[in-house]
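Now for the letters of each chain:
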Amino acid sequence: RRANGFEDQIDAALSELSMYIRDLIIPDDVDEDDIEEIAEAQFIREEDNKILNELNNLILAVEKGLDEFDFQNTGELIYQFIWGRVADEYIEHVKTREDKEIALSVLDKVFKDCLKLIHPYMPFVTEASWKELPKSANDCDLIALSNWPS
């Protein structure tokens, strides 16, 4: 896969995803731990749990790949998750949800973590997308200064 094609496709996926969460208003007292509390309280659906589990597996795979300097395969994993799983499948699930607040909160976490994961590959594209997103009090203004997803 050519680097330009990869960047263009990721940029397109990020643009599509950000369209759905750009207008999301995140209260100052909400942080990533709240998403886990919602999950534990069983307010989220099976599809939400599935995407969060897949995200956690991706984070582990990315950390391993970066530690092993396997940049090409690691980048491909991130691409497949963002483009194939999140943009193609999960976003369609979110569109049909009646409980939009919960669905958008999960999408917000997934999207921000994906931006952080792809940031080493595409710092300018991810920084531009990050600046457009609504932020909670716990989010940094710059993605480069934010915590690595865990």
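Our subject is the structure listed above.
Residues numbered from 1 in each chain as written. Predicted model: local features only at pLDDT ≥ 70, side-chain atom pairs only at ≥ 80, totals over all residues. Heavy atoms only, no water.

Q: Any details on the pattern of salt bridges? Residues and values, ideally.
A: This model, assessed by the stated rule, comprises nine salt bridges. Here Glu47 ties to Arg85 by a salt bridge, and the two come within 2.7 Å at their closest N and O atoms. Residue Glu47 is found in helix 3 (residues 46-67), and its partner Arg85 is found in helix 4 (residues 71-95); the two are separated by 38 residues along the sequence. Relative accessible area serves as the criterion here: at 8%, Arg85 is assigned to the buried category. Among the ionic pairs, Asp48 bridges to Arg97, the shortest N-O distance being 2.8 Å. Note that Asp48 is positioned in helix 3 and Arg97 in the loop between helix 4 and helix 5 (100-118), a separation of 49 residues in sequence. Relative accessible area serves as the criterion here: at 3%, Arg97 is assigned to the buried category. (Salt bridge = Lys/Arg side-chain N within 4 Å of Asp/Glu carboxyl O. Helix = DSSP H or I, 4+ residues; strand = E, 2+ residues; numbered from the N terminus. Buried < 20%, exposed > 50% of the residue type's maximum accessible area, 1.4 Å probe, protein only.)

Q: Tell me about the nonpolar core, and please be specific about residues and values.
A: Counting residues in hydrophobic clusters, the biggest one holds 25 residues, and the most contacted among them are Ile51, Leu55, Phe81, Val106, Leu107, Val110 and Leu117. Elements represented by at least two residues in this core include exactly helix 3, helix 4 and helix 5. Residue contributions to this core peak at nine residues, all from helix 5. Core analysis: the next-biggest nonpolar cluster, separate from the first, contains five residues, Phe111, Leu115, Trp130 and Ile143 among them. (Core = buried A, V, L, I, M, F, W, Y, C linked by side-chain atoms within 4.5 Å.)

Q: Give a detailed account of the packing of helix 3 against helix 4, specifying residues and quantitative values.
A: Close contact between helix 3 and helix 4 brings their axes to 9 Å; oriented N to C, the two are set at 170 degrees. Accordingly, the angle class assigned to the pair helix 3 and helix 4 is roughly antiparallel. Seen from helix 3, the contacting residues are Glu47, Asp48, Lys50, Ile51, Glu54, Leu55, Leu58, Ala61, Val62, Gly65 and Leu66; seen from helix 4, they are Phe71, Thr74, Leu77, Ile78, Phe81, Arg85, Val86, Tyr90 and His93. Looking at the contact of helix 3 with helix 4 residue by residue, the class counts come to twelve nonpolar, three polar and five charged. (Axes fitted to C-alpha atoms, helices over the stretch in contact; angles between N-to-C directions. Parallel < 35°, antiparallel > 145°, perpendicular 65-115°, else oblique. Contact = heavy atoms within 4.5 Å. Nonpolar A, V, L, I, M, F, W, Y, C, P; charged D, E, K, R; others polar.)

Q: Provide a residue-level description of the packing of aromatic side chains, including the pertinent values.
A: According to the stated counting rule, one finds one aromatic pair in the structure shown. Centre to centre, the rings of Phe69 and Phe71 are 6.0 Å apart; their planes meet at 75 degrees, and the pair counts as edge-to-face. A residue is classified by how much of its surface remains accessible, and Phe71, at 41% relative accessible area, is partly exposed. (Phe/Tyr/Trp six-rings, centres within 6.5 Å; stacked < 30°, edge-to-face > 60°.)

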